[in-house]
Amino acid sequence: MNFLGYVVLGGLSYAAGWAVRLYLLDKNPEQPYHLKHPAILGYLAGFFIVMLIVSWMLGRYILGHVALDLPFIIVNSLVATFVYSFGLNPEKANYDVPD
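Keep in mind that what you see is a predicted model, and the values were worked out from it rather than measured. (Residues numbered from 1 in each chain as written. Predicted model: local features only at pLDDT ≥ 70, side-chain atom pairs only at ≥ 80, totals over all residues. Heavy atoms only, no water.)

S.K.: So what's going on with the overall build of the protein? Residues and values would help.
M.R.: Within the protein, the secondary structure is distributed over three helices and zero strands. Ordered by position in the sequence, the α and β elements of the protein form the string α-α-α. For the protein, contacts bridging at least 24 residues in sequence account for 67% of all contacts bridging at least 6. Here the protein has roughly 6,600 Å² of accessible surface; of this, 71% comes from carbon and sulfur atoms. (Helix = DSSP H or I, 4+ residues; strand = E, 2+ residues; numbered from the N terminus. Contact = heavy atoms within 4.5 Å. Areas by Shrake-Rupley, 256 points an atom, 1.4 Å probe, with all protein chains shown as cover.)

S.K.: Outline the packing of helix H1 (residues 3-25) against helix H2 (residues 38-62), supporting the account with residue identities and numerical values.
M.R.: The geometry of a pair of packed helices is captured by two quantities: the angle between their axes and the separation between those axes. Contact pair H1 / H2: the axes reach a minimum separation of 12 Å and the direction vectors enclose 150 degrees. Comparing their axes, H2 and H1 come out roughly antiparallel. Of the two elements, H1 crosses H2, and the hand of that crossing is right-handed. Along the contact surface, H1 presents Leu-9, Ser-13, Ala-16, Val-20, Leu-24 and Leu-25, while H2 presents Ile-40, Tyr-43, Phe-47, Met-51 and Leu-58. For the contact of H1 with H2, the residue count by class is 10 nonpolar, one polar and no charged. (Axes fitted to C-alpha atoms, helices over the stretch in contact; angles between N-to-C directions. Parallel < 35°, antiparallel > 145°, perpendicular 65-115°, else oblique. Left-handed = near helix turned anticlockwise from the far one by under 90°. Nonpolar A, V, L, I, M, F, W, Y, C, P; charged D, E, K, R; others polar.)

S.K.: Explain the packing of aromatic side chains residue by residue, including any values.
M.R.: Overall, the coordinates contain three aromatic pairs when judged by the stated rule. Relative to Phe-86, the ring of Phe-82 has its centre 4.9 Å away and its plane inclined at 85 degrees; by these criteria the two rings are edge-to-face. With Phe-82 and Phe-86 both in helix H3 (residues 70-88) and four residues apart, the pair spans about one turn of that helix. Looking at Phe-86, the relative accessible area reads 35%, which means it is partly exposed. (Phe/Tyr/Trp six-rings, centres within 6.5 Å; stacked < 30°, edge-to-face > 60°. Buried < 20%, exposed > 50% of the residue type's maximum accessible area, 1.4 Å probe, protein only.)

Here it is, written out as structure tokens:
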């Protein structure tokens, strides 16, 4: 995969998190959600598992990795889940990034 492929994958991950927040979490506005809420953690864990499968398929069928490439699969899944959490973040905060 080239840089554009990773940008597209990151955009899809962010859009998936944004869609879950918009269509599932914002249905109940009186329920306060934060990144340590069990529902948010469940969505993150579910997305990580899905990304493990997607990363394995990317490595196997697109990149041509014959053997199981665990470093690629794990790192790709962690990064995609991190980008997904930015879209999923209901706090609309900036993760306390320093100035």
